[in-house]
Amino acid sequence: MNPIGKASIRSHIAILMLGAGTLLVSQSGCRDQTPVASHYEPNYLFAKATEIGLSKEEGELEPTIQDSQNLLVEWFGTMEDPKLPSLLKEDDYSDLISEANLKIAVGTPKEPGIYIQQCVSCHGSSGQGRGTNAASQDPYPRDFRMGIFKFKSSPRTARPVKEDIEKVLRNGLSGSQMPLFNKLSDQEIQALVDYVVFLSLRGEFERRLIQLSATEWEGERLYDPSAEKSVLEGQLSNASDALTEIADRWVRSADAVEDFPRPSFPLVGTETDENKEELISSIEKGKVLFVSEIASCSKCHGVNADGKGNQLPDYDDWTKDWTSKIGIQPTDSQSLLPLMARGGMKPLPLKPRSIIEGHFRGGRTPEDLYRRIRYGIAGSPMPAAAVVESRDEPGLIDEDLWHLVNYVLSIANVPPPPMETKVVSTQ
Ligand code: HEC
Ligand code: HEC
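The following paragraphs examine the structure supplied in this document. Keep in mind the model is a prediction, meaning the values are calculated, not measured.

Near ligand 2 there are 25 residues, and of these C297, C300, H301, R353 and M382 occur at the shortest range. Take R353: an N or O atom from its side chain is 2.5 Å from an oxygen atom of ligand 2. Because more than half of its atoms lie within 2 Å of the grid, ligand 2 is assigned to the largest pocket. Those elements that place two or more of their residues in the shell around ligand 2 are α12 (297-301) and α15 (366-375). Looking at side-chain class alone, the shell around ligand 2 contains 15 nonpolar, 5 polar and 5 charged residues.

Pasting the structure below:
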């Protein structure tokens with residue numbers, strides 16, 4: 001009935017309760033070295049942060065974690081044998097994740113699949129962003145479990161579309177450790193995209209269960225297969241509602257993608273001898289806007305766009321989630337100890353990018369940069385632009401955003417592409 005086994009869950013909980021950092025760290029470290037672990041690592045960090053954030057007693061969330069792990073195994077399977085919950089097999093979600101692709105991504109213990117071969121060392125077996133190679137990177141590899149992705153075509157708060165994740169895989173993320181995977185077959189790329197969405201959905205669902213049970217469903221069991229039929233049905237229906245909400249955001253993201261027509265003036269790369277002057281004037285306007293109070297790009301990126309603004313150090317949302325959000329300063333290493341023992345990685349300030357170096361991780365077409373400036377970068381302190389309809393209102397009008405795009409492109413170097421991975425297609 002229960003593929004994880006009660007004893008194994010209990011031992012995990014014991015670690016959680018102990019607060020013995022080294023124990024947990026070495027445990028998860030081992031698990032990532034053995035490529036195919038039998039099950040996914042529970043989100044101890046979020047459970048602990050929730051506990052502290054809600055001033056709960058140490059260990060109060062233990063039954064929640066146990067129940068949520070049992071439910072996750074029932075619905076999403078194990079690391080060796082991932083599956084889709086029946087809800088995600090309904091017609092509404094048929095384009096989201098293919099179960100066959102999950103199998104391609106993880107493979108078998110004898111023949112590990114492409115995610116295990118190429119991604120686990122950085123992103124970890126459950127997409128927690130904490131593989132064996134993660135600690136030395138800056139920024140750290142993405143933790144997929146918050147559902148937040150930075151480089152996408154959809155607005156800041158929307159989920160990405162699958163093509164966005166595909167683009168990240170094919171191009172890599174310039175200036176970070178995220179390599180490019182341009183030698184993989186289309187089938188492998190699709191399998192990886194589906195698996196990233198799967199880990200993200202699963203991880204977000206896990207967080208939601210912990211959060212709901214600690215707040216709205218307080219005192220109620222999350223999932224108790226031995227409960228009376230009507231009670232169990234109520235539990236499963238609560239969980240289904242939570243999962244539906246999460247999955248719907250993914251399904252709706254494509255509708256949120258907007259088209260932005262190019263302006264009447266030329267953009268860098270499209271200028272001709274006749275309109276060159278117009279381009280130069282647009283770049284000049286962009287330069288003025290960049291240091292203006294209203295766009296305030298220079299506050300973070302510096303007046304010379306070299307990434308050296310005078311903003312105080314700030315952190316990404318993955319770090320804030322278990323630090324400032326629960327009232328602990330990311331620099332307060334003493335208070336962070338119990339959280340780091342559960343998987344929190346040493347907080348690193350997220351540096352504003354040097355525009356001059358030209359590492360545009362979200363792509364370097366004018367449209368890519370327009371979206372970056374208009375929407376900001378999800379999960380990072382880079383805000384969305386304050387876009388207004390007319391010059392009479394305080395804010396930036398559409399034209400201003402294109403002037404900024406022109407300025408950014410005019411000063412940026414073209415860096416070499418991210419490193420390719422050595423292992424090529426497994427087919
Ligand atoms: C050597 C380490 C490394 C490997 C290997 C690696 N990644 Fe990454 N990945 C990163 C880092 C670092 C980031 C975050 C970069 C940033 O935030 O700027 C990242 C970010 C991502 C993102 C988030 C993009 C976004 O828009 O937020 C996805 C998706 C992703 N990686 C998928 C994968 C997949 C799938 C594989 C395997 C095919 C893989 N990565 C292999 C280091 C790695
Ligand atoms: C509050 C600080 C802040 C402000 C204000 C800000 N940025 Fe950023 N910006 C950042 C940070 C931090 C990053 C790096 C984010 C990351 O990679 O996670 C970034 C990244 C970028 C990038 C790289 C995008 C990519 O695809 O990799 C560009 C271009 C950029 N900013 C332009 C601008 C412009 C133009 C403005 C003004 C309209 C602006 N920024 C305002 C903090 C800021």
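Moving on: the coordination of the iron atom of ligand 1. Around the iron atom of ligand 1, the protein contributes the donor atoms H123 (NE2) and M178 (SD), at 2.0 to 2.1 Å from the metal centre. Classification of the site at the iron atom of ligand 1 as octahedral follows from its 6 donor atoms and the range of 85 to 179° in their angles at the metal. On the criterion of sequence distance, the pair formed by H123 in helix α7 (residues 120-123) and M178 in the loop between α8 (162-171) and α9 (186-214) is long-range, its members being 55 residues apart.

Turning our eyes to something else, we now look at the site of ligand 1. Around ligand 1 sit 24 residues in total, of which C119, C122, H123, M178 and R361 are the nearest. A distance of 2.8 Å separates an oxygen atom of ligand 1 from a polar side-chain atom of R361. In terms of residue class, the shell around ligand 1 is built from 16 nonpolar, 5 polar and 3 charged.

Another point: helix α10 (residues 229-256). For α10, built from 28 residues, the straight-helix expectation of 40 Å at 1.5 Å per residue is met to within 8% by its first-to-last C-alpha distance of 40 Å. Its maximal kink placed at W250, α10 deviates by approximately 30°. Considered for burial, the residues of α10 that qualify are L232, Q235, A239, A242, L243, I246, A247, W250 and S253. If you follow the buried residues of α10, they end up packed against α4 (62-76), α8 and α9.

This part covers the environment of P347. Topologically, P347 is positioned in the loop between α14 (333-340) and α15. The spacing of P347 and P139 is 208 residues in sequence and 10.0 Å in space, taken between C-alpha atoms. Residues contacting P347, with those up to four places away along its chain left out, are Y315, T319, W322, P330 and L336.

Under the definition given, this model contains 25 salt bridges. With a shortest N-O distance of 3.0 Å, E58 and K48 are connected by a salt bridge. Remark: K48 occurs in helix α3 (residues 44-53) and E58 occurs in the loop between α3 and α4; sequence separation between them is 10 residues.

A word on helix α11 (residues 276-290). If you check α11, its first and last C-alpha atoms are 21 Å apart, about what 15 residues at 1.5 Å a residue would give, namely 21 Å. Taken residue by residue, α11 has L279, S282, I283, G286, L289 and F290 as its buried positions. Buried residues of α11, seen end-on, are gathered within an arc of 120° and therefore sit on one face of the element. α11 presents E277 and V288 as exposed residues on the side facing more than 90 degrees away from its buried surface.

Moving on to empty space enclosed by the protein. Evaluated as defined, the whole model comprises 2 cavities of 30 Å³ or more. The calculated volume of the largest cavity comes to roughly 430 Å³. Q128, D143, W318, W322 and M345 are, among the 31 residues lining the largest cavity, the residues nearest its centre. Sort the elements by how many residues they give to the lining of the largest cavity and α3 lands first, with 3 residues. Taken together, the residues that form the lining of the largest cavity break down as 14 nonpolar, 6 polar and 11 charged.

Let us now look at the packing of α4 against α10. Two quantities define a packed helix pair, namely the angle between the axes and the distance from one axis to the other. Two elements in contact, α4 and α10, have axes separated by 13 Å at closest approach and are oriented at 70°. Judged by the angle between their axes, α4 and α10 are roughly perpendicular. Crossing handedness for the pair α4 and α10: right-handed. Across the interface between the two elements, L71, W75 and F76 of α4 pack against L236, A239, S240 and L243 of α10. Grouping the amino acids of the contact of α4 with α10 by side-chain chemistry returns 6 nonpolar, 1 polar and no charged.

Criteria and thresholds
Residues numbered from 1 in each chain as written. Chains lettered and ligands numbered in written order. Predicted model: local features only at pLDDT ≥ 70, side-chain atom pairs only at ≥ 80, totals over all residues. Heavy atoms only, no water. Near = heavy atom within 4 Å. Polar contact = N/O pair within 3.5 Å; in protein donor to acceptor, adjacent residues only side chain to side chain. 1 Å grid on protein atoms, 1.4 Å probe; cavity = no way out; pocket = protein on both sides within 12 Å on 5 of 7 lines; lining within 4 Å. Sits in = over half its atoms within 2 Å of the grid points. Helix = DSSP H or I, 4+ residues; strand = E, 2+ residues; numbered from the N terminus. Nonpolar A, V, L, I, M, F, W, Y, C, P; charged D, E, K, R; others polar. Donors = N, O, S within 2.8 Å, 3.2 Å for Na, K, Ca; no water. Tetrahedral: all angles 85-135°; square planar, octahedral: opposite > 155°, others 65-115°. Expected span 1.5 Å × (residues − 1). Bend = angle between axes of the 7 residues up to and from the residue. Buried < 20%, exposed > 50% of the residue type's maximum accessible area, 1.4 Å probe, protein only. Contact = heavy atoms within 4.5 Å. Salt bridge = Lys/Arg side-chain N within 4 Å of Asp/Glu carboxyl O. Arc of directions from axis to C-beta. Points joined across faces, edges and corners; volume = space filled by probe spheres on them. Axes fitted to C-alpha atoms, helices over the stretch in contact; angles between N-to-C directions. Parallel < 35°, antiparallel > 145°, perpendicular 65-115°, else oblique. Left-handed = near helix turned anticlockwise from the far one by under 90°.

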